[in-house]
Amino acid sequence: MIVLGIETSCDETGLALYDSERGLLADALHSQVALHADYGGVVPELASRDHVQKALPLLRQVLDEAGIGAADIDGVAWTAGPGLVGALLVGAALGRSLAFAWGVPGVGVHHMEGHLLAPMLEDPAPEFPFVALLVSGGHTQLVEVAGVGRYRLLGESLDDAAGEAFDKTAKLLGLGYPGGPAVAKLAEQGRPGRFDFPRPMVNRPGLDFSFSGLKTYTMNTLREEEARCAGDAERGQLAADIALAFETAVVETLAIKCRRALDETGLRRLVVAGGVSANRRLRGRLEAEVARLGAAVYYPRPAFCTDNGAMIAYAGWQRLRVGASEPLAFNARPRWGLEELSPPC
Ligand code: KG4
Ligand code: ZN
């Protein structure tokens, strides 16, 4: 079965073709980073318009790359939520229309389910059950995953998501958008030991997160220390040292909660997905952590950590393969809990 996946929930237009026999056939992505850069964040209306302009050229691109025609496609999957409503509606309208025109079934996919299942496109793929750490720009969640659509939320961020904290810290440090990669790069020049930032909520029981206090702590440290800086070189080093201290605090916090989630569930497989899972320090730290526990950690390839069409094609296939198809009326769900999903049947 060949499934077309369409991702337009935020600032990336992603299209991909997944074949259940041969695996991923083609994958194309247009990032809107340059479009939103001047504004320091995503401008929803610009995002929607850009998805409209980019989606069809990307469709032609993936068909060419896969060497197939529209008649070979057996189903269409699009991101139905959560995300920006206008951006979601572009993908949903396109996906639903294409499925109708081609006379094949179509399904709306939960964006976080896409992230969560993305490591299944790798070899080796994780087997169920596992604990998933979902860390993106909008979500920080620990989920017990018994199978496709069988999700139990173990904990989540009570305020900012981890990616959002990276983005806000980047802004504070005068770095560009998106902030995660920029903070990580600057942190490479940071000197360990100059600052020791708090690890939020690790001393409390439970698996919830909170990152907004860390953001304030970062801001206060920057203000206090900046006043003591003699010149640009010192200010530059300060920014790098703060980036490192911030990144270390986030990574440590995530690692501590992952260990706790594995301990509490008794599971020995950890899946890490979403934009922040591309972070190298996080990967290194989690690998050390799971090795100590005799567990294993699985990630998507770096290109599939952030938003992409491949994860939507794959997650859609998991439902289309058992006959799912949605009516012609479609909608977008900007807010949509992962736990509301049920297994494909
Ligand atoms: O999953 P994603 O592409 O979009 C959402 O669904 O939100 O995640 C984007 C987030 C952004 O906040 C970005 O700053 C963060 O992932 N991110 C990173 C890294 N790469 C992307 N954060 C830390 N380190 C990175 N290397
Ligand atoms: Zn995402």
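Before any of the text, the structure's been laid out above.
Residues numbered from 1 in each chain as written. Chains lettered and ligands numbered in written order. Predicted model: local features only at pLDDT ≥ 70, side-chain atom pairs only at ≥ 80, totals over all residues. Heavy atoms only, no water.

1. Here's the deal with the packing of helix 5 (residues 162-172) against helix 6 (residues 179-187)
Phase 1 of the analysis: As a packed pair, helix 5 and helix 6 sit with axes 7 Å apart at the nearest point and diverge in direction by 65°. As helix 5 runs across helix 6, the sense of the crossing is left-handed. Of helix 6, the residues touching helix 5 (which contributes Phe166, Asp167, Thr169 and Ala170) are Gly179, Gly180 and Val183.
Phase 2 of the analysis: For the contact of helix 5 with helix 6, a count of residues per class yields three nonpolar, three polar and one charged. (Axes fitted to C-alpha atoms, helices over the stretch in contact; angles between N-to-C directions. Helix = DSSP H or I, 4+ residues; strand = E, 2+ residues; numbered from the N terminus. Left-handed = near helix turned anticlockwise from the far one by under 90°. Contact = heavy atoms within 4.5 Å. Nonpolar A, V, L, I, M, F, W, Y, C, P; charged D, E, K, R; others polar.)

2. What about the packing of helix 8 (residues 232-265) against helix 9 (residues 280-293)?
Phase 1 of the analysis: Orientation of helix 8 relative to helix 9, taken along the N-to-C sense of each, is 30°, at an axis distance of 9 Å. Put simply, helix 8 runs roughly parallel to helix 9. Crossing of helix 8 against helix 9: the hand is right-handed. Along the contact surface, helix 8 presents Leu244, Glu247, Thr248, Val251, Glu252, Leu254, Ala255, Cys258, Arg259, Leu262 and Asp263, while helix 9 presents Arg281, Leu282, Arg285, Leu286, Glu289, Val290 and Leu293.
Phase 2 of the analysis: Here the residues of the contact of helix 8 with helix 9 are counted per class, giving 10 nonpolar, one polar and seven charged. (Parallel < 35°, antiparallel > 145°, perpendicular 65-115°, else oblique.)

3. Some words on the sheet that holds strand 2 (residues 12-19)
Hydrogen bonds between backbone atoms are what pair the strands of a sheet, whose relative direction is either parallel or antiparallel.
Phase 1 of the analysis: If you trace the five strands from one edge of the open sheet to the other, you get 3-2-1-4-5, paired in mixed fashion. Two strands close off the open sheet at either side, each with one partner strand: strand 3 (23-31) and strand 5 (106-110). Across the sheet, the axes of successive neighbouring strands diverge by a mean angle of 20°, strand direction being ignored.
Phase 2 of the analysis: Pairing geometry for strand 2 and strand 3, over eight bridges, is antiparallel. Looking across to strand 3, one finds that Thr13 is bridged to His30.
Phase 3 of the analysis: Where helix 3 (residues 85-102) meets the sheet, its contacts fall on strand 1 (2-7), strand 4 (75-81) and strand 5, and the angle it forms with strand 4 comes to roughly 160°.
Phase 4 of the analysis: Helix 10 (residues 309-320) rests against strand 1, strand 2, strand 3, strand 4 and strand 5 of the sheet, and its axis sits at about 130° to strand 1. (Pairing = 2+ DSSP bridges.)

Distances and angles like these do not, on their own, reveal function.
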